[in-house]
Amino acid sequence: MLNKTKNLIIAGMSALILLSGQASAITPSPQMIEQFKNLPASEQQRLAKQYGIDPSMLGGSNAQPQLENPQVVNERVNTNAVVDQSSNANNELNFEQDNNKQELQRFGYDMFAGEPTTFAPVSDVPVPSEYLVGPGDNIKVQLYGKDNKEYDLVINREGVIQFPELGPITVAGLTFSELRETLSERISQQMIGIQSNITMGELRSIRIFVAGDAYNPGSYTVSSLSTITQALFVAGGVNEIGSLRNIQVKRNGKLVGSMDLYDLLLRGDASGDISLRSGDVVFIPSVGGLVSVTGEVRRPAIYELKKHETMAEVIEMAAGLKPGAYPKRSSVERFNANSLKSILNVDLTSAKGKATKAVAGDVIRVKSATTQYEDAITVVGAVVRPGKYQWYQGQKVSDLVPSIWGDLSVSADLEYAIIVREINKQGDIQVYQFSPVQAINGKVASQDLSLQARDKVIFFNFSDLTQSRYELNKLVKERVKKVQSLAGNSLIGNDLFSAGFSQLNQQKFADRSELGGVAINSQVQEQDPTAKAIKGEVNKMLVNLFEDSDLIKLSGEMNRGELLYPVVMKLNSQGRAGKGVQAVAINGRVNNPGIYPLSVNARIKDLVMAAGGLEEGAYTLRAELTSTYTTADGSAIKHTNIALESALQGDATQNIALKGRDILTVMTTPDWQDNKSVEIRGEVKFPGTYNIRRGETLADVLQRAGGFTEYAYLPSSVFVRESVRQQEQLEIKKLADQLRRDIATRGVSKDGNVVNYSDAQMMLTDLETIKAVGRLVVDLSAISVGIKQADLQLEDKDVLYIPSTKQTIAVMGEVQHAATHRFKEGQTVEQYLAMSGGVRERADDDRTYVIKADGSVMLPSRSMWFSSETSLQPGDTIIVPLDTEYKDNLTLWTQVTSIIYNTAVAFATVANL
């Protein structure tokens, strides 16, 4: 039976396809639908998919169609939209978006931030029981029991429905619930054994008018269920001058209701959202008085006044105050009788202030509370958990930081930490120094200091070289982004924080005279604008270190100078106010030379501990204390010798008290030297690295290396010195700058030819990329035979390379084929040039020179090619320079080409190092 039914359906569908000429959009007959319902669900889906039938037309599924609200509103076009300039080719920063964010918006208008896309009525919505039926409504009646029937009854213009078996029934003026009750009662009385199910079918549409200051005023066809708010949405809402608090409904010329949308938006009260009838007019009058609320409120915006609201009511509209508000000092900007702005102070915590009436045009500003903490202790630096902590009476350092291992960083300095304490309401400070290890572990009373409210406790890293500063540099980069773009700058990837913090880190004692011996506030002008911007931003950040939560969190990555910067700057400002600057300095053989705040009762030993202790090689028998004091004739400088060892042991006669602007200089032990070494490579019996003493010579180290091997070729030895390399690099930079100026100012040569700038720029690029080698010419042959005049004293990091025997001559420069040739005794320069194909047209063969194997330069003359003094030796290099007159009259080209060739030779020689 099932197969028979399926065959009938397929046959019917095939016939439909043949008749329609296409296999899509088939409309099945009622008989086909009834047969389709008898098939299993899987077969129904397969046949519907195969023949293009809409499953909803078959009615074989119990699934109800999903009702969706139609999209009737699109976003309004914002004519004042901020143009996105993120792709600006000039990478200029755009602050227009920030300004736009600060502008107050009208409250409630974003609810209608769109414009209608359709004016079709919304009908697929549930019908409430109180719905008043009327002409055009469709009533669906399903009868079941003795007979099963369905009727679609439409209310006619007279408000009557024609029920086939009951006759006309008047329903005008009835609600839906009353209609359902009336029909059910009639059916049960007049149709025995029949029960009924009565529902609403298609609803009638009504015509309404939206007038006044609507976004799109006009006539609209809407559902008979529509209310005021639905009419507003269909009309796109309210325009810029429309009121949200007095939306009126007029029927037959009379006001039948009004709605205050603030009741809906602020309190969720929709009682005023009355239903509309055909012919109703929704009228939106212009806005009333406006008041702006800004500052520390939850919802700053522009609000509409209605009934002379008080300040308390306006603040309630703005959702109340934020936790950080200071309502006692709120202010109101108001126009007076002279149309001038005036300021009215309002205490929003008092009954009088709350009862103050708001006036149209008012701007209410709720001020913010201070960011200062009343009873808190700030802990920064080398601690595990930097931040702010509660203070209580009797609290000590050991209570705040009870464990060295659990609370301090591994790299913390256990001998030096400070407490910064405010001593008056002006914010003046004093500094107290203590030893963390004695305070925490030893509980020594003189070190385990009592804390007071608002104290700042700073712990330092013993070494500033072991800290990862990635997160700190990342924070700085983000903060200076709006100051100046860092794209392509050489500082990116380097230590941005140190680049910015150059005021103390780089200058140190260079500007002592500015503040009587302490360079606290250097006024150095940076040439690099990016570095200058970074420095200024970082210094501002450091001054506010104790109030900046992000910096406090990363304070463990800062060095001593950075942590002390806000303290020293504060002491500096106190000194400028008429008092001496309470800061001291230490330099010389200490681990962390620099400027330090003068702590209370500080002595020589305290300053040495603050600097991280003495370095190896410090001279402990004597140090020098430089003091500045005032006399009747002005100021004077006094130098005092201190027995440093005695002072560190606590001798009161030497461990004297310090005063502001004192400078302690720790000297180096006479004849002391740090570990210095040189390296000997190549053809010696014991090549390697050798430690040297001051004054030791090259001959001494060669003797320690066991002398030369039998394969050593002394004329080709290479001696490299770091100090020479640095000087050469500096000279190359100077020459590059001079060449750049020469190219810019000499556009035409003396013979009138235009300079070929592409060649000039190429040569300039080559010059700027040259890395100096630092080769120093030494006569190793003379040193080997004991000639003292040829010997030289060694410096740290010197390198000597002694190659094996060479048998080649190199030819470079303006020749047809630069090459290396085998050395033949007696051959001349001209012969080697001929072996390289001869010189080029632009070669300056009159200035041909030879770089000897030992690095010296020989300038042979034509008449002396065959003299013994100018004879070639293995390892020599012949250079044919460029004829500068061939190109133009740039005066530096000869020198530049010589440097390029000579450096190339040096690199080739040192390549084996």
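Basis of the calculations
Residues numbered from 1 in each chain as written. Predicted model: local features only at pLDDT ≥ 70, side-chain atom pairs only at ≥ 80, totals over all residues. Heavy atoms only, no water. Helix = DSSP H or I, 4+ residues; strand = E, 2+ residues; numbered from the N terminus. Buried < 20%, exposed > 50% of the residue type's maximum accessible area, 1.4 Å probe, protein only. Contact = heavy atoms within 4.5 Å. Areas by Shrake-Rupley, 256 points an atom, 1.4 Å probe, with all protein chains shown as cover. Pairing = 2+ DSSP bridges. Axes fitted to C-alpha atoms, helices over the stretch in contact; angles between N-to-C directions. Arc of directions from axis to C-beta. Core = buried A, V, L, I, M, F, W, Y, C linked by side-chain atoms within 4.5 Å. pLDDT = per-residue confidence, 0-100. Polar contact = N/O pair within 3.5 Å; in protein donor to acceptor, adjacent residues only side chain to side chain. Expected span 1.5 Å × (residues − 1).

Digging into the overall build of the chain
Next up, step 1: The secondary structure content of the chain amounts to 28 helices and 37 strands.
Next up, step 2: Counting every position in the chain, which comprises 913 residues, the buried fraction comes to 41%.
Next up, step 3: Sequence separation of 24 or more characterises 64% of the internal contacts of the chain that already satisfy a separation of 6 or more.
Next up, step 4: Carbon and sulfur atoms make up 49% of the accessible area of the chain, which amounts to about 49100 Å² in all.

Describing unusual backbone geometry
Next up, step 1: The backbone phi angle of A319 is positive, close to 70°, even though this residue is not glycine.
Next up, step 2: The phi dihedral of K443 is positive, around 55°, even though this residue is not glycine.
Next up, step 3: Mapped onto the elements, K443 comes out in the loop between α13 (436–440) and β22 (456–461).
Next up, step 4: Among the residues examined, K443 registers a relative accessible area of 47% and is labelled partly exposed.

A closer look at the environment of I642
Next up, step 1: By secondary structure assignment, the location of I642 is in strand β26 (residues 634–642).
Next up, step 2: Using a relative accessible area of 2% as the deciding quantity, one classes I642 as buried.
Next up, step 3: Between the C-alpha atoms of I642 and L625, which are 17 residues apart in sequence, the distance is 6.9 Å.
Next up, step 4: Leaving out residues up to four positions away in the same chain, I642 has contacts with I604, L621, R622, A623, L625, A647, Q654 and I656.

A short note on the sheet that holds strand β12 (residues 281–284)
Next up, step 1: On the basis of which strands lie adjacent, the open sheet formed by 5 strands has the order β9-β8-β12-β10-β11 and mixed pairing. The two strands at the open ends of the sheet, each matched to only one other strand, are β9 (218–223) and β11 (254–259). The sheet shows a mean angle of 30° between the axes of neighbouring strands, taken without regard to direction.
Next up, step 2: Pairing between strand β10 (residues 247–251) and β12: 3 bridges, direction antiparallel. Within the sheet, the bridge partner assigned to Q248 lies in β12 and is F283.

Details of the sheet that holds strand β14 (residues 301–304)
Next up, step 1: The strand order across the open sheet formed by 5 strands is β14-β13-β17-β15-β16, and the pairing between neighbours is mixed. Each edge of the open sheet is held by one strand with a lone partner, namely β14 and β16 (341–346). When the angles between neighbouring strand axes are averaged without regard to direction, this sheet yields 25°.
Next up, step 2: Relative to β16, strand β15 (residues 330–335) runs antiparallel, the two being bridged by 6 bridges. Across the sheet, R334 pairs through a bridge with S342, a residue of β16.

Comments concerning helix α14 (residues 470–479)
Next up, step 1: When α14 is considered as a whole, its buried residues turn out to be L472, N473, L475 and V476. Down the axis of α14, the smallest arc covering the buried residues is 160°, so these residues share one side. Facing away from the buried side of α14 by over 90 degrees, the exposed positions are Y470 and E478.

Focus on the nonpolar core
Next up, step 1: One finds I418, I458, V567, I586, Y596, I604 and L664 to be the most contacted residues of the largest nonpolar core, which totals 52 residues.
Next up, step 2: Counting residues per element, this core draws most heavily on helix α19 (residues 560–576), at 6 residues.
Next up, step 3: By size, the runner-up hydrophobic cluster in this structure holds 42 residues, among which are V210, V222, L232 and M317.

With respect to the confidence of the model for the chain
Next up, step 1: Across the chain, the average pLDDT comes to 79, with 74% of residues at 70 or higher.
Next up, step 2: Scored below 50 in pLDDT, residues 79–93 shows 12 contacts in the model against residues more than four places distant or in partner chains.
Next up, step 3: Confidence drops under a pLDDT of 50 for residues 886–891, and excluding neighbours within four residues, the segment shows 17 contacts in the predicted structure.

Some points on the pairing of strand β20 (residues 412–422)
Regular strands have side chains that alternate between both faces of the sheet.
Next up, step 1: With respect to burial, β20 is a largely interior element, 8 of its 11 residues being buried.
Next up, step 2: The pairing of β20 with β22 spans 5 bridges and is classified as antiparallel. Within β22, the residue paired with V420 across the bridge is K456.
Next up, step 3: Both β20 and strand β21 (residues 429–434) contribute to a ladder of 6 bridges, which runs antiparallel. By the bridge assignment, A417 is partnered in β21 with F434.

What to know about the side chain of R775
Next up, step 1: With respect to the helices, strands and loops of the structure, R775 is situated in strand β31 (residues 775–776).
Next up, step 2: Overall, the relative accessible area of 13% leaves R775 in the buried class.
Next up, step 3: A distance of 3.3 Å separates a polar side-chain atom of R775 from the backbone oxygen of S717.

Regarding helix α6 (residues 176–190)
Next up, step 1: For α6, spanning 15 residues, the distance from its first C-alpha to its last is 21 Å, which sits close to the expected 21 Å at 1.5 Å a residue.
Next up, step 2: For α6, the full list of buried residues reads F176, L179, L183 and I187. For α6, the angular spread of buried residues about the axis comes to 60°, placing them on one side. Opposite the buried face of α6, at more than 90 degrees from it, the exposed residues are E181 and Q189.

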